[in-house]
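As a plain string of letters, each chain reads:
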Amino acid sequence: MQFNTGSALLDAVVLAVVSKDEEGTYGYRITQDVRQALDVSESALYPVLRRLQTAGLLETYDREFSGRNRRYYRITPQGMTELEACRREWQSYCTSISSILLGGRT
């Protein structure tokens, strides 16, 4: 069984992946890291990155790589605040769901 991935969860996972590197990271690397946890296509991830950027949670910059510009994404202070809120909410959610699914076992 595979559980449905909502946009809020995907946003939180992308923020967490981008936050791992202070310098930021690029789209393909983000896709590979997100795919370790969620089944998502690269084409589905770029709208998420744009949405997070528009919301002020990510910022971008370009850097030359092998003769081409590569777009990098870096989490903003506002993005870190949002990520911390997501982490708290996720912990609470997991505790609630586990108490039901596992019958009190953790």
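In what follows, the accompanying structure is described. (Residues numbered from 1 in each chain as written. Predicted model: local features only at pLDDT ≥ 70, side-chain atom pairs only at ≥ 80, totals over all residues. Heavy atoms only, no water.)

## With respect to helix α4 (residues 77-101)
Working step 1: Spanning 25 residues, α4 covers 35 Å between terminal C-alpha atoms, matching the ideal 36 Å at 1.5 Å per step.
Working step 2: Residue Gly103 follows α4 closely and has a positive phi angle near 60°. (Helix = DSSP H or I, 4+ residues; strand = E, 2+ residues; numbered from the N terminus. Expected span 1.5 Å × (residues − 1).)

## Some words on the sheet that holds strand β2 (residues 58-65)
Hydrogen bonds along the backbone pair up the strands of a sheet, which may run parallel or antiparallel.
Working step 1: In spatial order, the strands read β1-β3-β2; together these 3 strands make up an open sheet with antiparallel pairing. Whereas interior strands pair on both sides, the edge strands pair on one side only; in this sheet they are β1 (25-26) and β2.
Working step 2: The pairing of β1 with strand β3 (residues 68-75) spans 2 bridges and is classified as antiparallel. By the bridge assignment, Thr25 is partnered in β3 with Tyr73.
Working step 3: Against the sheet, helix α1 (residues 7-19) touches β1, β2 and β3, its axis set at about 110° to β3. (Pairing = 2+ DSSP bridges. Contact = heavy atoms within 4.5 Å. Axes fitted to C-alpha atoms, helices over the stretch in contact; angles between N-to-C directions.)

## So, the packing of aromatic side chains
Working step 1: Going through the model one piece at a time under the given rule, you end up with 3 aromatic pairs.
Working step 2: Judged by centre distance (5.4 Å) and plane angle (15°), the ring pair of Tyr61 and Tyr72 falls under stacked. In this pair, Tyr61 sits in strand β2 while Tyr72 sits in strand β3, placing the two residues 11 residues apart along the sequence. Each member of the pair, Tyr61 as well as Tyr72, carries the same accessibility label: buried.
Working step 3: Both rings, one in Trp90 and one in Tyr93, keep their centres 5.6 Å apart while their planes meet at 35°; by these two values the pair is tilted. One end of the pair, Trp90, and the other, Tyr93, are both in helix α4, 3 residues apart, so they sit about a helical turn from each other.
Working step 4: By relative accessible area, which is 43% here, Trp90 ends up partly exposed.
Working step 5: Connected via pairs of aromatic rings, a cluster forms that spans Tyr26, Tyr61 and Tyr72.
Working step 6: We note Arg63 situated over the ring of Tyr72; from NZ or CZ to the ring centre the distance is 4.9 Å. (Phe/Tyr/Trp six-rings, centres within 6.5 Å; stacked < 30°, edge-to-face > 60°. Buried < 20%, exposed > 50% of the residue type's maximum accessible area, 1.4 Å probe, protein only. Lys NZ or Arg CZ within 6 Å of the ring centre and 35° of its normal.)

## What to know about the nonpolar core
Working step 1: Core analysis: the biggest nonpolar cluster contains 19 residues, and Leu10, Val14, Ile30, Val34 and Leu58 have the highest contact counts within it.
Working step 2: If you list the elements that add at least two residues to this core, you get α1, α2 (27-34), α3 (42-54) and β3.
Working step 3: With 6 residues, the top contributor of residues to this core is α1.
Working step 4: Setting aside residues no more than four positions away along its own chain, Ile30 makes contact with Val14, Val17, Val18, Thr25, Leu45, Leu49 and Tyr73. (Core = buried A, V, L, I, M, F, W, Y, C linked by side-chain atoms within 4.5 Å.)

## Side note on the packing of α1 against α4
Working step 1: As a packed pair, α1 and α4 sit with axes 10 Å apart at the nearest point and diverge in direction by 125°. As the angle between them shows, α1 and α4 are arranged oblique. Considering how the two elements wind past one another, α1 and α4 form a crossing that is left-handed. Judged by residue contacts, Leu9, Ala12, Leu15, Ala16 and Ser19 of α1 engage Gly79, Met80, Glu82, Leu83, Cys86, Arg87 and Trp90 from α4.
Working step 2: Grouping the constituent residues of the contact of α1 with α4 by class yields 8 nonpolar, 2 polar and 2 charged. (Parallel < 35°, antiparallel > 145°, perpendicular 65-115°, else oblique. Left-handed = near helix turned anticlockwise from the far one by under 90°. Nonpolar A, V, L, I, M, F, W, Y, C, P; charged D, E, K, R; others polar.)

From the geometry alone we can't say anything about function, so treat these as descriptive.
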